[in-house]
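Structural overview for review
Below are the chains, spelled out letter by letter.
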Amino acid sequence: MRITPPLRVLAPIVTAGMAFGADPHPVPDGEQWLTYPGGDGPGAGKHVVLIAADQEYRSEQAMPMLAGVLSKHHGFHCTVLFGVNEDGLVDPTLPVYPEKGKESEFKEHHIPGIEHLAKADLVIFFHRLLTLPDDEMKPIVDYLDSGKPFIALRTANHGFRGKLPYEIDGKKVGFGEIVGGAFMSHHGNWSRDSTRGDIVPAMKDHPILTGVKDIWGTTDVYRTFKEGEGLPEGCTALVHGQPLIGREQGGADNPDKEPLPVVWFKNWKTSNDKEARVLHSTMGSAKDLRNPGLRRLVVNGVYWGLEMEDQITPDSSVDYVGKYEPLDSGFAYEKLGVKPHPASHYR
C-alpha cells in the first residue's frame, strides 16, 4: 500500500520588521539613508520621512531613534534622510555661511533621497540654515504645497538660509511663515538654561497631549515673536516653556524670563487652498528627546497630523528601540566627538 507523505506547509517569508501581508516599504534601501519597515500597529501602511540636517542639536541621532519608535511600536514605515558631505558621509559639521572673502568657494548642502518625499504621508523636519540646489528644493516645496501634514522640530523654523522657491499670490513664502514663526533670539541663557514644558490648561484634552506629562529639556526657550506680541493668527499654543536656572529637571524658574510658547499647531493653506496640519516644537534636540513626555508628544503629533487622533492612547510605547546615548549639543565638534559617519552608523 502506498503511503502518501504528509502535506508540507511552507512558512511565509516575512521581511524583518514587517508583518506578513503588510504593504512593502515604499523606499528602496540605500547607503545614504535609512529605512525602517513598519509592521503591526495603527500606522501600518503609512510612511513617515524624517529629515536630519542640522549642525547643532544632533538630529542625526534623534531622527533614527524616532524612526525606530514609530516603526517598531506603532507600525509606520519610516525613512531617515540626512545632510551629507562630498564623500557621501552624514556630516553635521558642514558650514552654513560662506567664509568672508571666500564666498565663491561655499558649497551647497545635499540631502540624498529627498525625492522620496513624494512617497511620504507625513514628514518630520529637523534641519538648520540649509542652502540646497534647486533640484533638491523642488521636492520640499512640492511636499509643503501638497496639503500633507508635517512636524518641525527646534531649528527647522530657520531651516533655510533664504526664502523658499515657493510663491502664493505672487509672494515668496518662508519656512518660518509656514510653521508659525522663526527663531529671533534665545529667551534665556544659551547652553546654560533648561526648559520646563507646561501644558496650556485650556488645551490639556487635545489629542496631541494625550498621556503627555513632565516635559523638560536641556535646550533654552526660543523667542519667535517680538516682545509684547504673540503667535501669529491661526497658531494655537499647546505647551509653554518656562526657562529654568541651570540644567537639572526640577530646577528653579528664571524669575526674569516669562514662559513663551514652545509647542503649537496650525493649518497651512497651500496655493491650491488645501489645508495641511502642522505641528511645531522649538524643543526637540537629541538630548531633549530623552524626555518621555516630549517623545510622546511628537509621536502623538504624527497620529494627529495624519488625522488618526482616535487611535492615540496614553500608554502606547515610546520606549527606545536599542541604545540611545546622544551627544551634547553645540559646535565644538572635536570636543563633543561629532564627526562624519556613514548613514549606517546611526541605525
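Described in the following lines is the structure provided in the data block. The structure displayed is predicted, hence computed values, not measured ones. (Residues numbered from 1 in each chain as written. Predicted model: local features only at pLDDT ≥ 70, side-chain atom pairs only at ≥ 80, totals over all residues. Heavy atoms only, no water.)

Brief notes about the environment of V263
When you line up the elements, V263 lands in strand 13 (residues 260-269). In this structure the C-alpha to C-alpha distance between V263 and I199, which are 64 residues apart in sequence, comes to 9.2 Å. Ignoring anything within four residues of it in the chain, the contact list for V263 reads T236, A237, L238, V239, L279, H280, S281 and L297. (Helix = DSSP H or I, 4+ residues; strand = E, 2+ residues; numbered from the N terminus. Contact = heavy atoms within 4.5 Å.)

Examining the pairing of strand 2 (residues 47-53)
In regular strands, side chains alternate between the two faces of the sheet. Taken across its seven residues, strand 2 has seven buried, putting it largely inside the fold. Summarising the sheet, strand 2 and strand 3 (residues 77-82) pair through six bridges and their orientation is parallel. If you follow L50 over to strand 3, its bridge partner there is V80. At this point the chain moves from strand 2, through helix 1 (residues 59-74), to the parallel strand 3, and the crossover so formed is right-handed. As defined by bridge partners, strand 2 adjoins strand 4 (residues 122-127) across six bridges and the pair is classed as parallel. (Buried < 20%, exposed > 50% of the residue type's maximum accessible area, 1.4 Å probe, protein only. Pairing = 2+ DSSP bridges. Right-handed = clockwise from strand over helix to strand, strands pointing away.)

With respect to unusual backbone geometry
One non-glycine residue with positive phi stands out, namely L129, at about 50°. Along the chain, the position of L129 falls in the loop between strand 4 and helix 2 (134-144). Its relative accessible area of 10% is what places L129 among the buried residues. Even without being a glycine, R154 presents a positive backbone phi close to 45°. Mapping R154 onto the fold places it in the loop between strand 5 (150-153) and strand 6 (167-168).

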